[in-house]
Structures are given as C-alpha cells and as structure tokens.
Amino acid sequence: MLVRITEVAPRDGLQNVKDLIPTERKVAFINALSETGVDEIEATAFVHPKWVPQMADAEEVLRRIDRKPGVIYSAIVPNERGLERALSVGVDKVAVLTAATDTFNLKNINTDIEGSFQKLIPVVRSAKASGLPVRGYVSVAFWCPYEGKVPPQRVRDVVLRLLDVGVDEVSLGDTIGRASPKDVAELLEILLRDVPADRIVLHFHATYGMGIANVLCAYREFGIYRYDSSAGGLGGCPYAPGASGNVATEDVAFALKNSGAEVRVDVLKVVEAAKSLGLPLESALSRIPKPIL
Ligand code: HMG
Ligand code: MG
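The structure reproduced in this document is the subject of the present report.

1. Here we look at the environment of aspartate 228
Right, so step 1: Among the secondary structure elements, aspartate 228 is positioned in strand 10 (residues 226–229).
Right, so step 2: Spatially, the C-alpha atom of aspartate 228 lies 4.7 Å from that of threonine 6, the residues being 222 residues apart in sequence.
Right, so step 3: Sequence-distant contacts of aspartate 228, that is, excluding residues within four places in its chain, are made with Thr6, Val8, Arg135, Tyr137, Ser171, Val201, Leu202, His203, Phe204 and Val247.
Right, so step 4: Within the structure, the side chain of aspartate 228 is placed 2.8 Å from the side chain of histidine 203, a separation counted as a polar contact.

2. So, the packing of aromatic side chains
Right, so step 1: Evaluation of the coordinates by the stated rule reveals 2 aromatic pairs.
Right, so step 2: Measuring from centroid to centroid gives 5.4 Å for tryptophan 51 and tyrosine 239, while their planes differ by 50°, and the two rings are tilted. Within this pair, whereas tryptophan 51 is found in the loop between strand 2 (40–45) and helix 3 (58–64), its partner tyrosine 239 is found in the loop between strand 10 and helix 10 (249–257), the two being separated by 188 residues in sequence.
Right, so step 3: Classification of tyrosine 239 as partly exposed rests on a relative accessible area of 22%.
Right, so step 4: Their ring planes at 35° and their centres at 6.0 Å tell us that phenylalanine 142 and phenylalanine 204 sit as a pair that is tilted. Within this pair, whereas phenylalanine 142 is found in the loop between strand 5 (134–139) and strand 6 (143–144), its partner phenylalanine 204 is found in strand 9 (residues 200–204), the two being separated by 62 residues in sequence.
Right, so step 5: Judged by relative accessible area, phenylalanine 204 falls into the buried class, the value being 0%.
Right, so step 6: A cation over a ring is seen here: arginine 178 above tryptophan 143, with NZ or CZ 4.3 Å from the ring centre.

3. Some points on the site of ligand 1
Right, so step 1: Taken together, 25 residues sit near ligand 1, with Gln15, His48, Asn79, Ser139 and Thr175 positioned nearest.
Right, so step 2: Within the contact set of ligand 1, an oxygen atom lies 2.8 Å away from a side-chain nitrogen or oxygen of glutamine 15.
Right, so step 3: Judged by its atoms lying within 2 Å of the grid points, ligand 1 is housed in the largest pocket.
Right, so step 4: Secondary-structure elements contributing two or more residues to the shell around ligand 1 are helix 1 (9–13), helix 4 (80–88), helix 5 (102–109) and strand 5.
Right, so step 5: Grouping the constituent residues of the shell around ligand 1 by class yields 10 nonpolar, 11 polar and 4 charged.

Analysis parameters
- Residues numbered from 1 in each chain as written.
- Chains lettered and ligands numbered in written order.
- Predicted model: local features only at pLDDT ≥ 70, side-chain atom pairs only at ≥ 80, totals over all residues.
- Heavy atoms only, no water.
- Helix = DSSP H or I, 4+ residues; strand = E, 2+ residues; numbered from the N terminus.
- Contact = heavy atoms within 4.5 Å.
- Polar contact = N/O pair within 3.5 Å; in protein donor to acceptor, adjacent residues only side chain to side chain.
- Phe/Tyr/Trp six-rings, centres within 6.5 Å; stacked < 30°, edge-to-face > 60°.
- Buried < 20%, exposed > 50% of the residue type's maximum accessible area, 1.4 Å probe, protein only.
- Lys NZ or Arg CZ within 6 Å of the ring centre and 35° of its normal.
- Near = heavy atom within 4 Å.
- 1 Å grid on protein atoms, 1.4 Å probe; cavity = no way out; pocket = protein on both sides within 12 Å on 5 of 7 lines; lining within 4 Å.
- Sits in = over half its atoms within 2 Å of the grid points.
- Nonpolar A, V, L, I, M, F, W, Y, C, P; charged D, E, K, R; others polar.

No statement about biological role is implied by the geometric values presented.
Structure below.
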C-alpha cells in the first residue's frame, strides 16, 4: 500500500525551539523538504505569537517558500483570526485543533473541548467555502499529561464530532509519546467500526521509544497508511511538558519500506534537510554514517 507522509517538522519540529530561527532558514528547510518525496508539509501555524513565538513569521514563511507542484503546504489554524491570516497568503489546507481532554485543550488553546468546537466550526465552514481541505487534530488521543490514560470511547466521540462538522481527515496525536502498540490497537479497533481508514492519520511522538512500533502496528494490523512525522525527529509541544519530538520521517519511511509498504520518501534527503538546521537530531538514521538502505 502507498504510504502518505505529512512532514510536520517546520511546525511541530520548530515550535518548541526557544531561540528564534531566522525566516530564511525555515524557508530553505521547507524547500529542501519539498524535494524529499513527502506528500504534504505542515509549514507553519497561524497561532497567537505570544503563545508560540517561533511561529510569529507564519505569513512570511508561506509567502517565501517555493511551492513544488503536487506537494500540499498546510498550516495550523486555531480560530477565525488565524484563518484570515492563512487565507491572506494562500495556504493549501488548514488544520484545526482540539483534544480528547478538557485540561489539555485549556492549556493549549485556552478553552475546553466544547469551546474548541465553537472556535473550529466557523473555521471549517469558511475553509471549505474557500475550497480548502481541512484536517482536525485530536491531541492526547492516548495519554494526557494532565488527565492520564484517555479512554478510547472518549476519543471516538471527539473524532466523530469532527467528521460530523465537516473535517476531511482526523490526525490522532500521541502528544506525549506515551502510547504503546496495545493502546493503538485498542483505539483503532473501536474507531474503525465507524471511520474509514483513509480518514485517519496517526501522529506519534517518540518520547518513550514506542513510536515506530506504533506505526508498524497501525500499518500491519489495521491498514492505516497515513502518518505525520518530523525530519530528524525534531519537535515537541510547548503545552505538553516533557514531550519530545515526533517520530522521525526517515525512521518511519525506512521502517515502513522494510515492512513491505510503498513509500516514496528519500530518507537520505530527509536527513540532509534536517541536518541543515544545525539542531540536535533524534532519529536513528541520522546517526548512521552510511546506512544500508
Ligand atoms: P486566546 O488568548 O484565548 O485568544 O488564545 P482570543 O480569541 O481571546 O484573542 C485574544 C487576542 O489574541 C486578540 O487580540 C486576538 O485578535 C488575538 P486583541 O483583540 O486582544 O488585540 N488573536 C490572534 N492573533 C494572531 N493570530 C491568531 C489569533 N487569535 C487570537 N490566530 C489561541 C487562543 C487559540 C489563539 C491561543 O491559545 C493559541 O494561539 N494557541 C496555540 C497553541 C499552539 O500552537 N500549540 C502548539 C500546537 S498544538 C500541538 O503541538 C499538538 C499537535 O502537534 C498534535 C499532537 O502532538 O497532539 C498538533
Ligand atoms: Mg505533535
């Protein structure tokens, strides 16, 4: 099966980096990622600059990148103000935010689950009216740093509500990287009763070292073929204390290819792009001088 990768390093990978990275370095990074074979690049986030200072240059980033035909350049849009900003620079696709717990939503977007829907519903409507596809993120879909293990039924309710208000796909975030293949299997068993596999994207962080095992479980046992990952394993959420980076794009692509999947990502180009930032990398493949591919 052909795997679809959304490269989230320019957003999830950089949002937690304290020192501001010059816009031109971000633009060069995104341009390099455009040549790696990924399907989509989450380029930035139109969030409040006080909440996430690293994303303050969202307009500039989208304005200045070279857009490679066939690659989708998406961005996080948490509310209507964010959508105005995103539309002004021609984003290809928007991602709205909610979570499976009230506490995480309150810390991340200053409102509970109910309030998050009040913010995202008008964004979904206007984005669709402008012809844009919409992703809905469900953070803490397995474990919450504030509320612990999240019951799969609760996640399912949020997912169904997102689909009901018109999002095209749902990305399930293991925000703190604590999910195990058992947790993944429990959630997917419940979700796939109501939701087709092609509307589910999995977004694993690598904190506890189970990210790749989770990807392989979801692919082999449940036929999920859409993943978010971050070049070099960069990343973390400022509102999820202790969370490390996403699963690395090069490691995900390598693991899936070696499990029989069709993956059109050039892992060496991904490593090269990640190294260009000069940040410490977390991936396995970036540490092997001459990997046997
Ligand atoms: P708020 O303070 O509740 O916003 O923040 P508000 O609607 O009350 O507005 C307050 C002021 O902010 C107003 O200005 C607005 O215009 C302005 P004033 O009238 O006072 O001068 N404002 C904005 N300015 C620029 N851009 C905007 C915007 N919105 C309002 N979009 C808000 C609510 C959602 C904006 C804030 O909480 C926020 O920006 N949160 C984002 C947090 C974030 O980016 N977290 C990281 C991404 S999520 C993540 O990493 C998880 C994920 O990777 C999946 C996973 O791993 O689970 C996706
Ligand atoms: Mg994330």
